[in-house]
Amino acid sequence: MSNQYSLSVFGLGYVGCVSAACFASRGHQVVGVDVNAQKVEFLRQGKAPVVEERIGELTAEVVESGQLTVSDDAASAVLATDISIVCVGTPSAPGGGLSTVYLERASEEIGTALANKDGWHVVVYRSTMVPGTCESILIPALERTSGKRAGADFGVCVNPEFLREGTSVKDFWEPPKTVVGESDARSGEMVMSLYEGLSGPRFQVPISVAEMTKYVDNSYHALKVTFGNEVGALCAKLGLDSHAVMDIFLADTKLNVSAAYLRPGFAFGGSCLPKDVRALNHTARQNDLEIPVLANVLASNEAQIRRTVDMIISLGRRRVGMFGLSFKAGTDDLRESPMVELAERLIGKGYDVRIYDANVALSRLMGANRAYIEEHLPHIGELLSGDIEDVLAHGETFVVGSKDKLVIEAVDRIGEDRPIVDLVRLPGAEERRLHENYQGIGW
């Protein structure tokens, strides 16, 4: 079992009520705080203000045992506890933004109490908020009202919840993962210890990374629902059983339901993905069917190429050295390669481009792609060099589309005065990001 702490939970809605009851059941002394008198009274009587499996019985147990009490006095709750957990709502604002009014109000109340508190206290945000909210709005509010400094006089953590309505108690006890964004290691360890013994991997990360994780999860979940629905709609038009189709799709845990293809990088290409997405969209149009998600896959892919072109243009250098040309490293396949498209756009804008790709250079001399290069890409074929040193000497800016050993060695010899645009996340990318001449396409 984890270290025992006293906790104050601000906001007794869905997340707050479940968190308070579950933490109390783990042996922590918990004080629930809410401005809604009805919720406070409900909990005081041992009744959960939300309805779902197990929460009613659990709430009654921890209230009866005295592990969970309630209060409408924020200051006394902070003074009496080690950790304050903020679970207030973050509704949509007009225009689709996030309303932080409840977060700010809770932060100001907690900060005002901290001004009169000795000893270490950690403020934990469980509420969902866009990256930057905590560091740009909430921490300043805490510091302003407390007269103290985050990370030095008190701790701040972001601890997103992954609770599904209907199974939230089960999800609390069996989390898919635990994420703690921390202002300092001491606070992060304290918050992480609250989940000691529970399942799933654990991540202690910068605050903004923790804020982002919930949005990535929920957006992907929404994408999965719409993808499944669009597949179902098209299957129905074609007289197919969509569940039979998706049973086969889901059986593939190597490429489909897996980490495959989910690492940020450059655009997709090759002989299969572009043409098959086009064909599926054409089939939908023939059947008078709208599939907006699938219809915009190629548009999103095109946007990634444009982003890369814009990055290169912003560097203001005319001579470009490219490492990699094929659509997939280790092959000589140029069919719908986004690297070819990138090279052609740069050439069209007047850039002086020289390219190294050992596999393509070899196939240009003797492989099956020789005729393809000569017939379809003669202008690019002329820019190919079999000598990596030639490309290294030519470039004022470098675009890296390959993790070939020789390419990595060459990149490591590029001086600080020549920019590098990394499309493949080279080894040591986290350290490379510290150099002013390095830019990653999505990191």
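Quick caveat: nothing in here was measured; it's all calculated off a predicted structure. (Residues numbered from 1 in each chain as written. Predicted model: local features only at pLDDT ≥ 70, side-chain atom pairs only at ≥ 80, totals over all residues. Heavy atoms only, no water.)

In terms of helices and strands, the chain carries 20 helices and 14 strands. Projected onto its principal axes, the C-alpha coordinates of the chain cover approximately 80 × 60 × 40 Å. Every one of the 443 residues in the chain was classed for burial, and the buried ones make up 46%. Restricting the contact set of the chain to residue pairs at least 6 apart, pairs at least 24 apart contribute 69%. Split by element, the accessible area of the chain, about 21,700 Å² in all, is 53% carbon and sulfur. Charged side chains in the chain number 43 positive and 59 negative. The centres of these two groups are separated by 2 Å. (Helix = DSSP H or I, 4+ residues; strand = E, 2+ residues; numbered from the N terminus. Buried < 20%, exposed > 50% of the residue type's maximum accessible area, 1.4 Å probe, protein only. Contact = heavy atoms within 4.5 Å. Areas by Shrake-Rupley, 256 points an atom, 1.4 Å probe, with all protein chains shown as cover. Lys, Arg positive; Asp, Glu negative; His and termini not counted. Charge placed at Lys NZ, Arg CZ, Asp CG, Glu CD.)

The UniProt feature table records "active site" (unreviewed entry) at Cys272. Note that cysteine 272 resides in the loop between helix H10 (242-251) and helix H11 (273-286). (UniProt positions renumbered as here; feature names shortened; annotations may be inferred.)

Turning our eyes to something else, we now look at the domain arrangement of the chain. For the chain, the assigned domains read domain 1 (6-207) and domain 2 (300-440). Here the C-alpha centre of domain 2 lies 48 Å away from the C-alpha centre of domain 1. (Domains from an automatic or database assignment.)

In this section: the pattern of salt bridges. The final tally for this structure, using the stated rule, is 16 salt bridges. Measuring nitrogen to oxygen at the nearest pair gives 2.7 Å for the salt bridge that ties lysine 177 to aspartate 217. Within this pair, whereas lysine 177 is found in the loop between helix H7 (168-173) and strand E7 (178-182), its partner aspartate 217 is found in helix H9 (residues 207-237), the two being separated by 40 residues in sequence. A residue is classified by how much of its surface remains accessible, and aspartate 217, at 16% relative accessible area, is buried. Between arginine 345 and glutamate 341 there is a salt bridge, with the nearest N and O atoms lying 2.7 Å from each other. Placement of the pair is arginine 345 and glutamate 341 together in helix H14 (residues 338-348), with a separation of 4 residues, close to one helical turn. Judged by relative accessible area, glutamate 341 falls into the partly exposed class, the value being 28%. Through salt bridges with shared partners, one network takes in Glu302, Arg306, Glu341 and Arg345. (Salt bridge = Lys/Arg side-chain N within 4 Å of Asp/Glu carboxyl O.)

Quick look at the side chain of serine 385 now. Summarising the element assignment, serine 385 is placed in strand E11 (residues 384-385). Owing to a relative accessible area of 9%, serine 385 belongs among the buried residues under this scheme. A polar side-chain atom of serine 385 sits 3.1 Å from the main-chain amide nitrogen of aspartate 387. There is a polar contact of 3.1 Å between the side chain of serine 385 and the side chain of aspartate 390. (Polar contact = N/O pair within 3.5 Å; in protein donor to acceptor, adjacent residues only side chain to side chain.)

Moving on: the UniProt feature "binding site: substrate" (unreviewed entry) in the chain. UniProt tags Phe162, Leu163, Arg164, Glu165, Lys214, Tyr261, Leu262, Arg263, Pro264, Gly265, Gly269 and Lys328 as "binding site: substrate" (unreviewed entry). On the basis of their most widely separated C-alpha atoms, the annotated residues across 167 residues do not gather in one place, lying as much as 41.8 Å apart. In the annotation above, Phe162 and Leu163 are the residues that line the largest cavity. Turning to its location among the elements, glycine 269 is positioned in the loop between H10 and H11. By secondary structure assignment, the location of lysine 328 is in the loop between strand E9 (319-323) and H14. (1 Å grid on protein atoms, 1.4 Å probe; cavity = no way out; pocket = protein on both sides within 12 Å on 5 of 7 lines; lining within 4 Å.)

The next point concerns the nonpolar core. Grouped together as the largest cluster of nonpolar side chains are 44 residues, with contacts concentrated most on Met322, Phe323, Leu325 and Leu342. With 5 residues, H14 is the largest single contributor of residues to this core. Among the nonpolar cores identified, the runner-up in size contains 40 residues, and Phe23, Val50, Val62 and Val63 belong to it. (Core = buried A, V, L, I, M, F, W, Y, C linked by side-chain atoms within 4.5 Å.)

The next thing to look at is the sheet that holds strand E14 (residues 438-440). Strand order in this open sheet of 6 strands is E11-E10-E9-E12-E13-E14, and the pairing throughout is parallel. Two strands in the sheet have a free side with no partner beyond their single neighbour: E11 and E14. Where strand E12 (residues 397-400) lies against strand E13 (residues 420-422), 3 bridges are found, and the strand directions are parallel. Opposite valine 399, over in E13, you have valine 421 as the bridge partner. In the packing of H14 onto the sheet, the strands contacted are E9, strand E10 (352-356) and E12, and the crossing angle to E9 comes to about 170°. (Pairing = 2+ DSSP bridges. Axes fitted to C-alpha atoms, helices over the stretch in contact; angles between N-to-C directions.)

Roughly 470 Å³ of internal volume is contained in the second largest pocket. If you trace the second largest pocket, you find 25 residues lining it, with Phe10, Gly11, Asp34, Val88 and Gly89 closest to the centre. Residue assignment for the lining of the second largest pocket shows that the elements contributing at least two residues are helix H1 (14-25) and helix H5 (101-114). The element best represented in the lining of the second largest pocket is H5, accounting for 4 residues. In terms of residue class, the lining of the second largest pocket is made up of 11 nonpolar, 7 polar and 7 charged. (Points joined across faces, edges and corners; volume = space filled by probe spheres on them. Nonpolar A, V, L, I, M, F, W, Y, C, P; charged D, E, K, R; others polar.)

This brings us to the packing of aromatic side chains. Summed over all chains, the structure comprises 6 aromatic pairs. Between the aromatic rings of phenylalanine 172 and tryptophan 173, the centroid separation amounts to 6.0 Å while the plane-to-plane angle is 75°, which identifies the pairing as edge-to-face. A relative accessible area of 28% places tryptophan 173 in the partly exposed class. Linked through ring pairs, Phe23, Phe172, Trp173 and Tyr195 together constitute an aromatic cluster. Its end group placed over the ring of tyrosine 351, arginine 318 keeps NZ or CZ at 4.0 Å from the ring centre. (Phe/Tyr/Trp six-rings, centres within 6.5 Å; stacked < 30°, edge-to-face > 60°. Lys NZ or Arg CZ within 6 Å of the ring centre and 35° of its normal.)

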